[in-house]
Amino acid sequence: MRHIDAGAELDPVHPVPMPPPPATGLSTAQVAERVARGQVNDIPVRSSRSLTEIARANVFTRFNAIIGVLWLIMLFVAPFQDSLFGYVILANTGIGIVQEWRAKKTLDSLAVVGETRPTVRRDGAAVQIATSELVLDDLVEIGPGDKVAVDGVCAEADGMEVDESLLTGEADPVVKRPGDPVLSGSFVVAGGGAFKVTKVGREAYAAQLAEEASRFTLVHSELRSGISTILKYVTWMMIPTAIGLIISQFFVQQHGFKDSIARTVGGIVPMVPEGLVLLTSVAFAIGVIRLGRKQCLVQELPAIEGLARVDIVCLDKTGTLTEGGMDVTELRPLGGHEESYVRRVLGALGESDPRPNASLQAVIDTYPDTEEWRCTESLPFSSARKYSGASFSEGNGESSTWLLGAPDVLLPDTDPALAETGQLNAQGLRVLLLARATRDLDGPDVAKDVRPAALVVLEQRLRPDAADTLGYFAEQNVHAKVISGDNAVSVGAVAGKLGLTGTAVDARGLPTDRREMARALDEGTVFGRVTPQQKREMVGALQSRGHTVAMTGDGVNDVLALKDADIGVSMGSGSEATRAVAQIVLLNNSFATLPSVVGEGRRVIGNITRVATLFLVKTVYSVLLAVLVVCWQVEYPFLPRHLTLLSTLTIGVPAFFLALAPNKERARPHFVRLVMRYAIPGGVVAGAATFVTYLLARHHYSGADSLNAETSAATLTLFLISMWVLAIIARPYTWWRVVLVASMAAGFLVVLVVPSLQSFFALKLEGTAMPWTAVGIAAVSAVVLELLWKWVDRHFPA
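Note that the coordinates shown come from a computational prediction; the quantities given were computed from them, not determined experimentally.

What counts, and where the lines are drawn
Residues numbered from 1 in each chain as written. Predicted model: local features only at pLDDT ≥ 70, side-chain atom pairs only at ≥ 80, totals over all residues. Heavy atoms only, no water. Patch = residues over 30% accessible without salt bridge, like charges linked within 9 Å, V, L, I, M, F, W, Y side chains within 5 Å. Areas by Shrake-Rupley, 256 points an atom, 1.4 Å probe, with all protein chains shown as cover. Salt bridge = Lys/Arg side-chain N within 4 Å of Asp/Glu carboxyl O. Helix = DSSP H or I, 4+ residues; strand = E, 2+ residues; numbered from the N terminus. Buried < 20%, exposed > 50% of the residue type's maximum accessible area, 1.4 Å probe, protein only. 1 Å grid on protein atoms, 1.4 Å probe; cavity = no way out; pocket = protein on both sides within 12 Å on 5 of 7 lines; lining within 4 Å. Points joined across faces, edges and corners; volume = space filled by probe spheres on them. Nonpolar A, V, L, I, M, F, W, Y, C, P; charged D, E, K, R; others polar. Polar contact = N/O pair within 3.5 Å; in protein donor to acceptor, adjacent residues only side chain to side chain. Contact = heavy atoms within 4.5 Å. Pairing = 2+ DSSP bridges. Axes fitted to C-alpha atoms, helices over the stretch in contact; angles between N-to-C directions.

Draft legend 1. Just a nonpolar patch on the surface, in detail. Judged by side-chain polarity, Leu 72, Leu 75, Phe 76, Phe 80, Tyr 87 and Leu 90 come together as a nonpolar surface patch covering roughly 640 Å² of accessible area. Counting residues per element, the ones that place at least two in the nonpolar patch are α3 (62–77) and α4 (84–113). Of the residues forming the nonpolar patch, the biggest block, three residues, is contributed by α3. Structurally, Phe 76 can be placed in helix α3. A residue is classified by how much of its surface remains accessible, and Phe 76, at 69% relative accessible area, is exposed.

Below, the structure written as structure tokens:
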């Protein structure tokens, strides 16, 4: 009986055990074998849909199906001009596909720029590859901030702690030792090591949960859900109204079959606000393209809208207000320690950590390592602990253990060194304490009874654009909260240099009760000594008071808060874990890009709110006209060509330009209420006035061709009222808005005076009495609209 090693691999085709890879990783030949067998991490990019999926989503919609069926009917029973609405739908759908495809290409190109590249060992060398190139049994190196891309088994560990909270909900980091499982979707918070890949592609744990995770993390879009709600109610209104219209035109009026169908379709088609969904998609897509040019990757389209609704921005100081690098400005020995000896300790500490953070990197740059010291054990920095450490065998044979971290964490409150630290913090300087430990490095109480050796004073580099960005948020009434793991006084001083005033609070004294914490957060501006778990709790506390919260950050300690915030914003140079959970990634690492994102969101929301009113006024007056026609037992006044003309001039063309126009209005909540409070009175006035004109025309005209004259008078009234609605929506006026409204009016005038267009659209005003009556009714309706909308503003404020 042959013994098979449990770590050996079986080839599914030739079941001969393959030996596990050595610590040098796979060879090129072994990688090629696994690729040939399909054992490669071939998960498709999640950034966007394929062209086929985009086309399918834009073509196969509920309203396209309704319009498509009606269009096919009209092609067979009516003149070409009565089926124009179908060609408009084709054009709109085509525009939607093109714009989303452009947005997809922008997203994909940015995703490649921002893609993380894991480090693997192959042929004995460490190389960076794309995540999709990982194969089974690869040896992947990981360190602080790295996200585990695939499932594996820990092969090497140097104080490695992994946060699995995004997968398991367990908040405390898990210490990993060789042989322990490592799950994709988790990330390293301290230490480092390497793991052997055991599952790739769709077999990986995170890949199996990807669909649920994407649903869970999808940004809430009030715009998207509001439009869905409106369309649902429109559908329910359409069904009984359309049935009544069919019965009225076919069985009561007893006109010819083709004419009855044409007028029935003419009543149904305008009820559909088909362009509203399209314009929303186009506005989002163009927003993505615009932000893409500024090196801003929007991982979820509605995130543009979400950031525009934010009223609190939580900022992590390091990497957001300050640049990543630091400089050592001063070294102050304590307790009689010689400066030369302290320098050797700092040099050895720097060499002991293969993945130093910004603070330790500044120490490394200033104090070179001495080869006489040998590191026997190390404790990597953890944002939860606020310190790192190492044990050394010194050149003279002595052993020592040292810690480097936050003075107020390592020292008791009565230590005189803290007063010195406080003075430095008040100047905006960052201070680290070098202390000699008296206990074992791997013990839980290593930080107790330490002996201070020196204060290391660091100066942080302020981002040159941070002050302007904070000023922008203040002008927009968006409150900034600085949440940092550093000393509160030091963070407060940095914030003060950038013009951010307010009290600095030590988070260790914050209440644990969510309600009390939320009150303290509302009152304070700067919070120091915040643990990663506290950041998450602080975001939740602010949300509990009805705030829409954005969280920015680039460090691994920001991941949990980024995940829970309404909008997570990560720097492109940040850790892989933060980029994975953030909805917006600033690839140029510029905090100054955020106002552009806010502005783009406000443009989308404000403009879609405007144009939605136009579309829904048409829906309301179409339903009302159909109901009045059924109740009065008369012919429907319009053919499809009439309403196609009106929709194009008063809604379609103007809405396209208005939806893409600059707009700096602050985003307002309650989209459905905001739109319907204008659409319902506007639609009722338009529908009632048009029907009154139509009834008066029926009494005025007589003869064989009277129906065309009646339709023309009703069309004139409806066009003028719709133009007045457009004129209200287009406010405040700029030169191009005036030109837009005037051009639409001129277009209708051309149709009325050019004989060929009169014939094409079946529009000819007969006599003078009825046309002027139509104008008079429209003028009265315009006054009523103005008064009604002002009354709505007073009694139903947004």
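Draft legend 2. Spotlight on empty space enclosed by the protein. Using the criterion set out here, one finds one cavity of 30 Å³ or more in the structure. Leu 614, Val 617, Lys 618, Tyr 621, Thr 650, Ile 651, Ser 722 and Val 725 together form the lining of the largest cavity. Of all elements in the fold, only α22 (594–632), α23 (640–659) and α25 (706–729) reach the threshold of two or more residues within the lining of the largest cavity. Of the residues forming the lining of the largest cavity, the biggest block, four residues, is contributed by α22. Tallied by class, residues from the lining of the largest cavity come to five nonpolar, two polar and one charged.

Draft legend 3. Representation of the environment of Glu 516 in the model. Within the secondary structure, Glu 516 sits in helix α18 (residues 514–523). Through-space distance from the C-alpha of Glu 516 to that of Ala 541 is 8.7 Å; in sequence the pair is 25 residues apart.

Draft legend 4. Up close: the side chain of Thr 469. Counting through the fold element by element, Thr 469 comes out in helix α16 (residues 466–475). A distance of 2.9 Å separates a polar side-chain atom of Thr 469 from the backbone oxygen of Asp 465. Contact partners of Thr 469, with chain neighbours within four places excluded, come to Phe 591, Ala 592 and Pro 595.

Draft legend 5. The arrangement of the pattern of salt bridges in detail. Scanning all chains against the criterion turns up 26 salt bridges. For Arg 121, the salt bridge goes to Glu 141, with nearest N and O atoms at 2.7 Å. With a gap of 20 residues between them, Arg 121 in strand β3 (residues 119–122) and Glu 141 in strand β5 (residues 139–142) connect regions that are remote in the sequence. In this structure, Arg 385 engages Glu 161 in a salt bridge whose closest nitrogen and oxygen atoms are separated by 2.9 Å. Residue Arg 385 is located in the loop between β13 (374–382) and β14 (387–393), and its partner Glu 161 is located in strand β6 (residues 151–163); the two are separated by 224 residues in the primary sequence. Like Glu 161, Arg 385 is buried. Ionic contacts of the salt-bridge type, sharing partners, join the residues Asp 408, Asp 506, Arg 508 and Arg 529 into one network.

Draft legend 6. Seen up close, the environment of Ile 567. Tracing the backbone through its elements, the reader meets Ile 567 in strand β22 (residues 567–571). Given a relative accessible area of 0%, Ile 567 falls into the buried group. Counting along the chain gives 342 residues from Ile 567 to Ser 225, while the straight-line C-alpha distance between them is 17 Å.

Draft legend 7. Region of interest: the sheet that holds strand β18 (residues 479–483). Taken in spatial order, the eight strands of this open sheet run β10-β23-β22-β21-β11-β18-β20-β19, and their pairing is mixed. Each edge of the sheet is formed by a strand with only one pairing partner; in this case those strands are β10 (296–298) and β19 (504–506). Shown here is a sheet whose adjacent strand axes are inclined to one another by a mean of 20°, direction ignored. Pairing of β10 with strand β23 (residues 584–586), which is carried by three bridges, proceeds in the antiparallel orientation. Residue pairing for β23: Cys 296 is matched across the bridge by Leu 586.

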